[in-house]
Structure formats: C-alpha cells, structure tokens
Amino acid sequence: MTTAIYPGSFDPITNGHLDIAVRAARLFEKLIIGVYATPNKHLLFSTEERVELVKKALAHLPNVEVVAFAGLTVNFAKKVNAQTLVRGLRMSGDFEREFDMAMMNRRLFPELELVCLMANPEYQFLSSGLLKEAASLGGNIETLVPKHVADALRKKVAER
Ligand code: ADP
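A. Layout of the site of the ligand. The immediate surroundings of the ligand are formed by 18 residues, with Y6, S9, K41, G88 and L126 found nearest. Residue S9 places a side-chain N or O atom 2.6 Å away from an oxygen atom belonging to the ligand. For the ligand, whose unbound accessible area comes to 540 Å², protein coverage reaches 93%. Broken down by secondary-structure element, the contributors of at least two residues to the shell around the ligand are strand 1 (3-8), helix 1 (15-27), strand 4 (84-89) and helix 4 (94-108). Residues of the shell around the ligand, tallied by class, amount to 7 nonpolar, 5 polar and 6 charged.

This is how it looks when you write it as structure tokens:
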C-alpha cells in the first residue's frame, strides 16, 4: 500500500492546504496529515485544536488520517510506514526552503520520496500567517478557509 504523509503546522488549515490534501488523497492509497506539534513559530491554535480543524475539513475523505507528531518528519514517516512525503509549493519563497529541507531529509532517510504539488493559482498567495493577520484586523477571510475554520478564527480573535 502506498502511504504518504503531508506534514505542516496547519495553524490553521486553509483552502490552500486543503487543495493539496484532496489532490494527494487521490494519488495515494492512504494519506496521513501530520500536524507538527512544536513548530518554530508563534502558534494561534493548540495542537489539539489544529488537529480537530484539519479532521473536520477532511472528514469526507475515507483514506485520510490526521495525527499530531513531534520531532523529525522523517521519524514520523518511518513510524507510520510512509514511502512518500507530500508538500505544497507556492510561487513565492517555498521552493528554496523545500529544497533545503528535502536535501536534509534525503540524508536522514534516503528511501523517503518527496512529491511536491504546485499550489492552486487561486491560493498561491495564501498563508496561515497572512490569514491570521487579516483575521485579527477584522478582514473577511470566508473565501480562504472552510466555514468551521473561519468560525474558530473569529472566536480566537474575539478572545484576545
Ligand atoms: P510548515 O510550518 O511546514 O511550513 P504550513 O502549515 O505553513 O507548515 O504548510 C504546510 C505545507 O503546505 C507546506 O508544504 C506549505 O508549502 C504548504 N502550503 C501552505 N500554504 C499553501 C497554499 N496556499 N497552497 C499550497 N500549499 C500550501
């Protein structure tokens, strides 16, 4: 069985992430979304909240699983017996970062193959960071995330 992992911070999941996940789920028998518990960035949502938001967004796909992980991505891949690592590539800035990470991952786990899917033109400039900034300033983010994520964002912003 071909199993792929799609790791990320997903703080929170956007329509850009969702598009990559839906496309990857068509390519592989099983897709495991790895929600990185301790990224080197300021988080708005807890790990549990991020996992729940991703789960709800992908509940309609039977071959998708969502789990939290910590530590090296390659160790997570080994643990779940994945052969492939999926990442999304946007035009601005992703390539160099992904290339560096891919070279390191290749050294650590040469058998893990990387598949990068080009971001949908509609979501090329969508990032969780910008999304959070827009939401915190009262911007309309409805077309950029699933409804339950927009609701969760609004609630978080109101609590702060
Ligand atoms: P990370 O902290 O690993 O960068 P992110 O949640 O920001 O986690 O992104 C996870 C993956 O999804 C990365 O491969 C990233 O390039 C990709 N991604 C993020 N936003 C988009 C988008 N709008 N369209 C396509 N891919 C995206």
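B. Structural detail: unusual backbone geometry. With an omega of 0°, the peptide bond between D11 and P12 qualifies as cis. Topologically, P12 is positioned in the loop between strand 1 and helix 1. Phi is positive for F10, close to 45°, though the residue is something other than glycine. Structurally, the position occupied by F10 is in the loop between strand 1 and helix 1. The exposure class assigned to F10 is buried, which follows from its relative accessible area of 3%. A positive phi angle is found at N81, which is not glycine, with a value near 60°. Along the polypeptide, N81 turns up in the loop between helix 3 (73-79) and strand 4. Relative accessible area serves as the criterion here: at 56%, N81 is assigned to the exposed category.

C. How the structure looks around the pattern of salt bridges. The final tally for this structure, using the stated rule, is 12 salt bridges. E113 is the salt-bridge partner of R106, the closest N and O atoms lying 3.7 Å from each other. Given the relative accessible area of 43%, R106 is considered partly exposed. Between R154 and D151 there is a salt bridge, with the nearest N and O atoms lying 2.6 Å from each other. Placement of both R154 and D151 in helix 6 (residues 147-159) is noted, with a separation of 3 residues, approximately one turn of the helix. With a relative accessible area of 42%, R154 lands in the partly exposed category. Given a relative accessible area of 31%, D151 falls into the partly exposed group.

D. A look at the side chain of D11. Looking at the element boundaries, D11 is found in the loop between strand 1 and helix 1. A distance of 2.8 Å separates the side chain of D11 from the backbone nitrogen of F45, its partner in a polar contact. A polar contact is formed between the side chain of D11 and the side chain of K132, at a distance of 2.6 Å. Once you skip the residues sitting within four places of it in the chain, D11 turns out to touch H42, L43, L44, F45, R50, S128 and K132.

How each quantity is defined
- What you see as residue numbers is a count from 1 along each chain, following the sequence as written.
- At least 70 in pLDDT is required for a residue's local features to be given in this predicted model, at least 80 for side-chain atom pairs to be given and counted, and no such filter applies to totals for whole chains, interfaces and linings, which use all residues.
- Side-chain measures here rest on the full set of heavy atoms in the structure, leaving out hydrogens and waters.
- One heavy atom within 4 Å of a molecule or strand makes the whole residue count as near it.
- Pairs of N or O atoms are called polar contacts if they sit within 3.5 Å, as long as, within protein, a hydrogen donor faces a hydrogen acceptor (for residues adjacent in sequence, only side-chain-to-side-chain pairs).
- To measure how exposed things are, a 1.4 Å probe is used in the Shrake-Rupley method; for residues, cover is taken only from the protein chains shown.
- In this description a helix means any DSSP run of H or I spanning at least four residues, a strand means any run of E spanning at least two, and both kinds are numbered starting from the N terminus.
- Ten residues, namely Ala, Val, Leu, Ile, Met, Phe, Trp, Tyr, Cys and Pro, are considered nonpolar, four, namely Asp, Glu, Lys and Arg, are considered charged, and the remaining ones, Gly among them, are considered polar.
- Summary of the burial criterion: residues with accessible area below 20% of their type's maximum are buried, those above 50% are exposed, and those between are partly exposed, where the area comes from a 1.4 Å probe applied to protein chains only.
- Take a side-chain nitrogen of Lys or Arg and a carboxyl oxygen of Asp or Glu: if they are within 4 Å of each other, that pair is a salt bridge.
- Here a residue-residue contact requires only that any non-hydrogen atoms of the pair lie within 4.5 Å.

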